[in-house]
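What follows is each chain in one-letter form.
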Amino acid sequence: MHSIYKHLIYKFNMKKILLLIVLAISAVSMKAQERAFGADLNLGFGTPVGFGIGAKYHHGFNDDWRATGDVKYLFANMNVLELDANINYLFDLGTTDAKIYPLAGIGLWSWFGEGGGAHMIFNLGAGVDWPLGDNWYANAEFAFKFWDGSRENLSVGLMYKF
């Protein structure tokens, strides 16, 4: 499977991959109905890199489906920048207003410095949005990031829905 990723990276340079991710997020947003959107700031921990910070944009299609676009910077010797575009399906969590969701999507994981490079990644995971008050939510998310290697990412954040 390594050769597939290697072929993708060599065939498309980083600028083209970034452009494709931006276009995918834009296309999802343009097709969305008039629904709530939100933004969050989060702290995360990813293996094998370590701690980082991130920001995420949420755009709802309807009450159940939403698309997210996020950027993370992971502090490490490699200085990792990660861009993701994911789809979530929101499930009610019993008698509370909390929602749980699976996530699936694609992204770009790039590192700078000695031996720098980039990988196209595939994301699978789950998360929860917990209401804190008027339009404010706590968010926690766990995702596996797959390429010729793999890593895990756990993040917690504070979200505001507009």
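Every chain is numbered independently, its residues counted from 1 as its sequence is written. Only residues with pLDDT of at least 70 get local features here, since the model is predicted, and only at 80 or more are side-chain atom pairs given and counted; chain-wide, interface and lining totals rely on the full set of residues. In computing side-chain properties, one takes all heavy atoms of the structure into account and sets aside hydrogens as well as water.

Engineer: Summarise the overall build of the protein chain; cite the residues concerned and give the values.
Structural biologist: Scanning the protein chain from N- to C-terminus turns up two helices and nine strands. Going along the chain from the N terminus, every DSSP run of H or I of four or more residues is numbered as a helix, and every run of E of two or more is numbered as a strand. In sequence order, the secondary structure elements of the protein chain are arranged as α-α-β-β-β-β-β-β-β-β-β. Residue exposure (1.4 Å probe, protein chains only): buried if accessible area is under 20% of the type maximum, exposed if over 50%, otherwise partly exposed. Looking at the protein chain as a whole, 37% of its 162 residues are labelled buried. For the protein chain, the proportion of contacts with a sequence separation of at least 24, taken over those separated by at least 6, is 46%. Note on contacts: a residue pair is in contact if any heavy atoms of the two residues lie within 4.5 Å.

Engineer: Provide a residue-level description of the environment of Ile 53, including the pertinent values.
Structural biologist: As for its placement among the helices and strands, Ile 53 is situated in strand 2 (residues 50-60). Ile 53 sits 104 residues away from Gly 157 along the chain, and the two C-alpha atoms are 9.5 Å apart. Setting aside its immediate chain neighbours within four residues, Ile 53 contacts Asn 42, Leu 43, Val 71, Lys 72, Tyr 73 and Phe 75.

Engineer: How would you sum up a nonpolar patch on the surface? Please name residues and give values.
Structural biologist: Side chains of Phe 91, Leu 93, Ile 100, Trp 130, Leu 132, Trp 136 and Leu 158 sit close together on the surface and give an oily, nonpolar patch of about 650 Å² of accessible area. Along the chain, Ile 100 falls in strand 6 (residues 99-111). Relative accessible area serves as the criterion here: at 34%, Ile 100 is assigned to the partly exposed category. Each patch is assembled from residues with relative accessible area greater than 30% and no salt bridge, linking like charges that lie within 9 Å and nonpolar side chains (Val, Leu, Ile, Met, Phe, Trp, Tyr) that lie within 5 Å. Per-residue accessibility takes into account occlusion by the displayed protein chains alone, with areas from the Shrake-Rupley method and a 1.4 Å probe. Just to be clear on terms, a salt bridge is a Lys or Arg side-chain nitrogen sitting within 4 Å of an Asp or Glu carboxyl oxygen.

Engineer: Please give an account of unusual backbone geometry that cites residues and values.
Structural biologist: Not every positive phi belongs to a glycine, and Asn 135 is a case in point at roughly 65°. As for its placement among the helices and strands, Asn 135 is situated in the loop between strand 7 (117-133) and strand 8 (136-146).

Engineer: Describe the side chain of His 119, and please don't skip the residues or the numbers.
Structural biologist: Positionally, His 119 belongs in strand 7. The class of His 119 is buried, set by a relative accessible area of 13%. Within the local environment of His 119, its side chain forms a polar contact with the side chain of Trp 147, the two groups lying 3.4 Å apart. Polar contact is defined as a pair of N or O atoms within 3.5 Å, subject to the rule that within protein one atom must be able to donate a hydrogen and the other to accept it, and that residues adjacent in sequence are counted only when both atoms are side-chain atoms.

Engineer: How would you summarise the pairing of strand 7 if you had to cite specific residues and measurements?
Structural biologist: DSSP bridges decide pairing: two strands pair if at least two such bridges lie between them. Pairing geometry for strand 6 and strand 7, over 13 bridges, is antiparallel. Bridge assignment links Gly 107 to a residue of strand 7, and that residue is Ile 121. Hairpin connection, strand 6 to strand 7: the antiparallel pair is bridged by five residues, and Gly 113 has positive phi, about 105°. Both strand 7 and strand 8 contribute to a ladder of 11 bridges, which runs antiparallel. Residue pairing in the sheet places Pro 131 in a bridge with Tyr 137 of strand 8. Here strand 7 folds back onto strand 8 in antiparallel fashion, the turn holding two residues, of which Asn 135 has a positive phi close to 65°.

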